[in-house]
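Next come the chains, spelled out residue by residue.
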2 protein chains.
Amino acid sequence: MKCQVCRDKADIKVPRHKTAFCTKHYIVHIHHQIERAINKFKMFSKEEIVMLGVSGGKDSMALWKALIELGYNVQAVHINNRFGEFSEKSEAVVRKFAEENNADLKVYYFEELNGFNFKEALKYVNKPVCSLCGVLKRYALNRLAKELKCEVSVTAHNLDDEIAFLLGNILHWQMDYLKRQSPVLEAEPGMIKKVKPAIRVTDEELRKYVEVWGIDYIKDKCPYSVGATSHFYKNIMDQLETQYPGTKINFYQGFIKNFKTNLKEEVLKTKKAENYCTECGYKTIREDKCFVCSLKERIQNGGKFKK
Amino acid sequence: MKCQVCRDKADIKVPRHKTAFCTKHYIVHIHHQIERAINKFKMFSKEEIVMLGVSGGKDSMALWKALIELGYNVQAVHINNRFGEFSEKSEAVVRKFAEENNADLKVYYFEELNGFNFKEALKYVNKPVCSLCGVLKRYALNRLAKELKCEVSVTAHNLDDEIAFLLGNILHWQMDYLKRQSPVLEAEPGMIKKVKPAIRVTDEELRKYVEVWGIDYIKDKCPYSVGATSHFYKNIMDQLETQYPGTKINFYQGFIKNFKTNLKEEVLKTKKAENYCTECGYKTIREDKCFVCSLKERIQNGGKFKK
């Protein structure tokens, strides 16, 4: 097969687009997909400072490299959860990339950031690990974005992540989640704007992108994510894509185009009452302190709620 | 395991409901599921004559038996498509049941009904076989219901059929199909009321029901349906149900509860313009003759449209 652009030997096939590229034009292709999402959904400009959460996995490493190459102004942030060897390797990978690419990186440690450690928090909360980690990461990134004077918070969720989440939400008709699932969540008081520029690219395509550049990344899945629902839904979507190519992108684009736009105004409005935490100002459905501030307080009091 | 009702030995497990029944109470359970759907969606009463399309497969045989046992007034209709041995066996099965159960059955033959044969029609139409068969069957059943003075047309679509169809429609966001997917389609001028009383019961549960009664049914799939998309989607939904029991019914019930009710009025209204066929009075999106009358004319003219 020949490269779609230069007709040289194609090293990388992209079956989803029924095409192939040489290494150079594969990079251009991925950049083009990312820029299309950034521009279409008005995510950010080259003048803004964008904060990117980098875990050390292929997705965030790929997006980090791509945004730098495309000339965006990236402040990378890594949170080390202290999950043992996995976390230490992850930190090493992002530090190495920052050095080699002269990239801005801030590293934070879970305990210093939150005032308690992750394993301790798990004892007090009846949530799956991935769910608690997600809540605490979103909370921390929102706070850090303000401190670091970033205008927008970028995450490396890709097409496979989004459709796995979408499938789960649709199978259970989680209307509150469905209403909020979007490539862009605009800023609100207490909440920074959040965007996902990698939504047009799959797991496999991002993996090839980092490999083409020879970028180190963490190949293992987080040890706590074993058996996560999202892995199961990704496998289901892979089967559908293999049988009917194009299913993934059509499913996601159809959702963006046909779901929210067809909902009644009042359905979009009827959210749970949203208040702001009396402690940190973070948006919360609670009346007093937000989930994270309450959890912190509970841990500090040895499991008892302060009266 | 013991029967949930009488505590006798349970012969039949129903994993989806985390329970088991003896043969007698399994029958009661299935009847209860069917009556729940009939009553909840106000499908029909014991005073009305309901027309049931019976193919000879497990679903229609099960529903036929259940409706008779429940005391409904059923006029069964079988259409023999002349697909060779498969069709002849199917006709024999429904005739045998009618005799043994003293049930009302009318048998029709595709060619006499439509004025052309199915294989001939396939040459003139660019549709998958299952899709063409579906269009022609719905057309015929609608016409026959009037002739037979039935108030409602019943089909034996079950939970697996409905969610396979739903999954396909959602993966492609087929809004027109999604808007019309319902356990009940009310009567409109030229169109009889259509209902699906088996929507709370799965393939496997209906199979067990006919086997418990010792009713003969066609075990083979229609030879033309090999590779049908619906088989693939059913397999996907089976995987989801095995991993997360309850997924099937939640997916369907959530759709009924949360999808249409949350759509804008204008979205529900903005259907394609709907006219009535100048030849047969069937509802059509065409301006002159409906799809079936046009097809008939085309076949009669040897493939050319009449000027």
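Here's what I pulled together on the structure shown here. (Residues numbered from 1 in each chain as written. Chains lettered and ligands numbered in written order. Predicted model: local features only at pLDDT ≥ 70, side-chain atom pairs only at ≥ 80, totals over all residues. Heavy atoms only, no water.)

Considering the interface of chain A and chain B
Where interface size is quoted, it is often the accessible area lost as the parts come together. Our working definition: Residue contacts are defined here by distance: any two heavy atoms, one from each residue, within 4.5 Å place the two residues in contact. Two parts placed together each lose some accessible area; with a 1.4 Å probe, that loss summed over both constitutes the buried area. By definition, a salt bridge exists where a carboxyl oxygen of Asp or Glu is found within 4 Å of a side-chain nitrogen of Lys or Arg. Pairing of N or O atoms within 3.5 Å defines a polar contact, subject to two protein rules: one partner must be a possible hydrogen donor and the other a possible acceptor, and residues neighboring in sequence count only if both atoms are side-chain atoms. For the purposes of this entry, the term helix denotes a DSSP run of H or I that reaches at least four residues, the term strand denotes a run of E that reaches at least two, and both are numbered from the N terminus. Here the nonpolar group is Ala, Val, Leu, Ile, Met, Phe, Trp, Tyr, Cys and Pro; Asp, Glu, Lys and Arg are the charged ones; every other residue, Gly included, is treated as polar.
Each partner contributes residues to the interface: chain A has 27 residues there, and chain B has 27 residues. Between chain A and chain B, roughly 2,600 Å² of surface is buried when both sides are summed, and carbon and sulfur atoms account for 70% of that area. There are zero salt bridges connecting chain A and chain B. The interface formed by chain A and chain B holds seven residue pairs in polar contact (both at pLDDT 80 or more) in total. Listed by contribution, the elements that provide at least two residues to the side of chain A that touches chain B are α7 (159–171), α10 (229–243) and α11 (247–258) of chain A. The leading source of residues in the side of chain A that touches chain B is α10(A), at nine residues. By residue class, the composition of the side of chain A that touches chain B is 16 nonpolar, 10 polar and one charged.

Concerning α10(A)
Spelled out, the test is: To estimate the expected span of a helix, count its residues, drop one, and scale the result by 1.5 Å. The rule is simple: take the accessible area with a 1.4 Å probe, protein chains only, and divide by the maximum for that residue type; under 20% is buried, over 50% is exposed, in between is partly exposed.
Taking 1.5 Å as the rise per residue, α10(A) with 15 residues should run 21 Å; its terminal C-alpha atoms sit 22 Å apart, in good agreement. Regarding α10(A), the residues found buried are F232(A), Y233(A), K234(A), I236(A), M237(A), L240(A) and E241(A). Against the buried residues of α10(A) lie α7, α9 (203–213) and α11 of chain A together with α7 (159–171) and α10 (229–243) of chain B.

Some remarks on the pattern of salt bridges
Residues and elements named next belong to chain B. Enumeration over the complete set of coordinates arrives at 43 salt bridges over all chains. For the salt bridge of D11 with K9, the shortest nitrogen-to-oxygen distance reads 3.3 Å. Note on D11: relative accessible area 48%, which makes it partly exposed. Taking relative accessible area as the criterion, K9 reaches 64% and is therefore assigned exposed. One salt bridge connects R16 with E205, and the closest N-O pair in it is separated by 2.9 Å.

Re the nonpolar core
Soluble, globular proteins show a tendency: their nonpolar side chains are buried together. Heads up, the condition is: In this text, buried Ala, Val, Leu, Ile, Met, Phe, Trp, Tyr and Cys residues form a nonpolar core when linked through side-chain atoms within 4.5 Å.
Within the largest apolar cluster, 134 residues are counted, with the highest numbers of intra-cluster contacts made by W64(A) and W64(B). W64(A) has contacts with L52(A), V54(A), V74(A), A76(A), V94(A), F97(A), A98(A), A103(A), D104(A) and L105(A), leaving out every residue within four places of it along the chain. Grouped together as the second largest cluster of nonpolar side chains are 20 residues, L132(B), C133(B), Y282(B) and C290(B) included.

Regarding the relation of the copies chain A and chain B
Under the convention used in this document: When the copies are overlaid, the least-squares fit takes in C-alpha atoms only where the residue has pLDDT of at least 70 in both copies.
The operation relating chain A to chain B is a screw motion whose rotation component is 180°, with 0.0 Å of axial translation and a residual RMSD of 0.0 Å. Expressed as a symmetry operation, the mapping of one chain copy onto the other fits a two-fold axis. Most of the interface of chain A is mirrored in chain B: 100% of its interface residues are interface residues there too.

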